[in-house]
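Residues per chain are reported as follows:
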Protein chains: 2
Amino acid sequence: MSRTPHHPTREQIELPMVLDCLSDPIRLAIVYQLAQQERVSSELCCGDFNGLSGKSNLTYHFAKLRECGLMLTRVAGTNRFMRLRREDLDARFPGLLDAVISSAARDADRLQLVAECEVVKAE
Amino acid sequence: MSRTPHHPTREQIELPMVLDCLSDPIRLAIVYQLAQQERVSSELCCGDFNGLSGKSNLTYHFAKLRECGLMLTRVAGTNRFMRLRREDLDARFPGLLDAVISSAARDADRLQLVAECEVVKAE
DNA sequence: TCAATAGTTCAATAAACGTTGAACATAGGG
DNA sequence: CCCTATGTTCAACGTTTATTGAACTATTGA
């Protein structure tokens, strides 16, 4: 069925929505994991986050992240590949994403974030 | 009645709570206004925000901002003077507050934030 | 072609949220 | 001493939120 799901344009990205999206622990963990993945310039798909919650709940959080402009979803067969909208976010809110991610990294224990090595999949 | 209201310690300040607090447009406007006031190193009291909402609703938002560690309230007579917890926030989440405030400033129109000159009270 | 895989949709639920107004508390100035 | 100004508390409300499980769709590989 569904072609490419809806994404807001860069200009449509709103600060309060982005902050609200990042304020949920599960979504923050997703964003953090996507940020780690940026370093090896590959994408992650839904299944890579199964540790965080159930599938239907993740679908809900992915939709929020997409609709507020934090991430981009690309449909490929039965998979949906996701990555951060790094360029758009840095253009709209310079330094914000990095500050959030490095703050999250400092509190990784408290936030129960996965360690880096666990994120990058072995291939 | 109430002596100094409760504030979390620096270490108790949590990233998701801070982001959630900043995601509300009224609270973001309050924080923005407090940030402008930092420049003249003075404080603001509740009444200075009456343009944003009704008094009891502001009390509610002030409590949220206090409890999540974003601001400090000092009781003086019948007034409550407030300021950002700049040092604590910069220590816990380096760059975050500045990124949020400058992002808000860029979107001042959209977010309906008061202009700088209106914030600093004439004396 | 069939079965397994990957993910979505939908309805239901409980909790948290933002907003309002009325009643209350407290301090300071005439 | 009272009156006013400043701000809080409380209950009520309608809305939005996160979470769950069951049913569903669609693609792929054997």
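This text goes with the structure placed above it.
In short, a report on the structure. (Residues numbered from 1 in each chain as written. Chains lettered and ligands numbered in written order. Predicted model: local features only at pLDDT ≥ 70, side-chain atom pairs only at ≥ 80, totals over all residues. Heavy atoms only, no water.)

### Structural notes on the relation of the copies chain B and chain A
Here is the rule: To line up the copies, we fit them by least squares on C-alpha atoms, keeping just the residues with pLDDT of at least 70 in both. Contacts were defined at the residue level, with two residues in contact if any of their heavy atoms lie within 4.5 Å.
Mapping chain B onto chain A calls for a rotation angle of 180° and an axial translation of 0.0 Å; the resulting RMSD is 0.0 Å. Both copies of the chain, as the preceding transformation shows, are related through a two-fold rotation axis. Of all interface residues in chain B, 100% are interface residues in chain A too; the two copies therefore contact each other through one and the same surface.

### Comments concerning the pattern of salt bridges
All names here are of chain A. Rule in force here: We count a salt bridge whenever a side-chain nitrogen from Lys or Arg sits within 4 Å of a carboxyl oxygen from Asp or Glu. Counting from the N terminus, the helices are DSSP H or I runs at least four residues long and the strands are E runs at least two residues long. The classification of residues rests on relative accessible area computed with a 1.4 Å probe and restricted to protein chains. Under 20% of the type maximum is buried, over 50% is exposed, and intermediate values are partly exposed.
For the structure on display, the rule yields 20 salt bridges over all chains. Between Arg-83 and Glu-43 there is a salt bridge, and its shortest N-O distance comes to 2.9 Å. Here Arg-83, found in strand S3 (residues 79-84), pairs with Glu-43, found in the loop between helix H2 (25-38) and strand S1 (44-45); they are 40 residues apart in sequence, far enough to count as distant. Classification of Glu-43 by relative accessible area gives partly exposed; the value is 22%. Note that Arg-86 is salt-bridged to Asp-90, the shortest N-O span being 3.5 Å. With Arg-86 and Asp-90 both in helix H4 (residues 86-92) and 4 residues apart, this pair spans about one turn of that helix. Ionic contacts of the salt-bridge type, sharing partners, join the residues Glu-38, Arg-86, Asp-90 and Asp-98 into one network.

### Some remarks on the protein's contact with DNA strand D
Condition: We call a residue near a molecule or strand when any one of its heavy atoms sits within 4 Å of it. Any N or O atom pair separated by 3.5 Å or less is treated as a polar contact, with the protein-specific requirement of one donor-capable and one acceptor-capable atom, and with residues adjacent in sequence counted only for side-chain atom pairs. As a working rule, the residues Ala, Val, Leu, Ile, Met, Phe, Trp, Tyr, Cys and Pro are called nonpolar, Asp, Glu, Lys and Arg charged, and the rest polar, with Gly in that last group.
Around DNA strand D, the surrounding shell holds 21 residues, and the nearest of these are Arg-27, Tyr-60 and His-61 of chain A together with Lys-55 and Thr-59 of chain B. Sugar plus phosphate, as a fraction of atoms of DNA strand D within 4 Å of the protein: 68%. At a separation of 2.9 Å, a sugar or linking oxygen of DNA strand D approaches a polar side-chain atom of Thr-78 of chain B. It is helix H3 (residues 55-67) of chain A that contributes the most residues to the surface near DNA strand D, 5 residues altogether. Per-class residue counts for the surface near DNA strand D are 5 nonpolar, 11 polar and 5 charged.

### A few points about the sheet that holds strand S2 (residues 71-76) of chain A
Across a sheet, strands are paired by hydrogen bonds formed along the backbone, either parallel or antiparallel in direction. Residues and elements named next belong to chain A. Counted only if it meets this: Whether two strands pair depends on DSSP finding at least two bridges between them.
The strand order S1-S3-S2 describes an open sheet built from 3 strands, whose pairing is antiparallel. At either margin of the open sheet sits one strand with a lone partner, and together these are S1 and S2. Where S1 meets S3, 2 bridges bridge the pair, whose relative direction is antiparallel. Note on S3: the bridge partner recorded for Leu-44 is Met-82.

Honestly, that's just the spatial picture; any functional story needs more than this.
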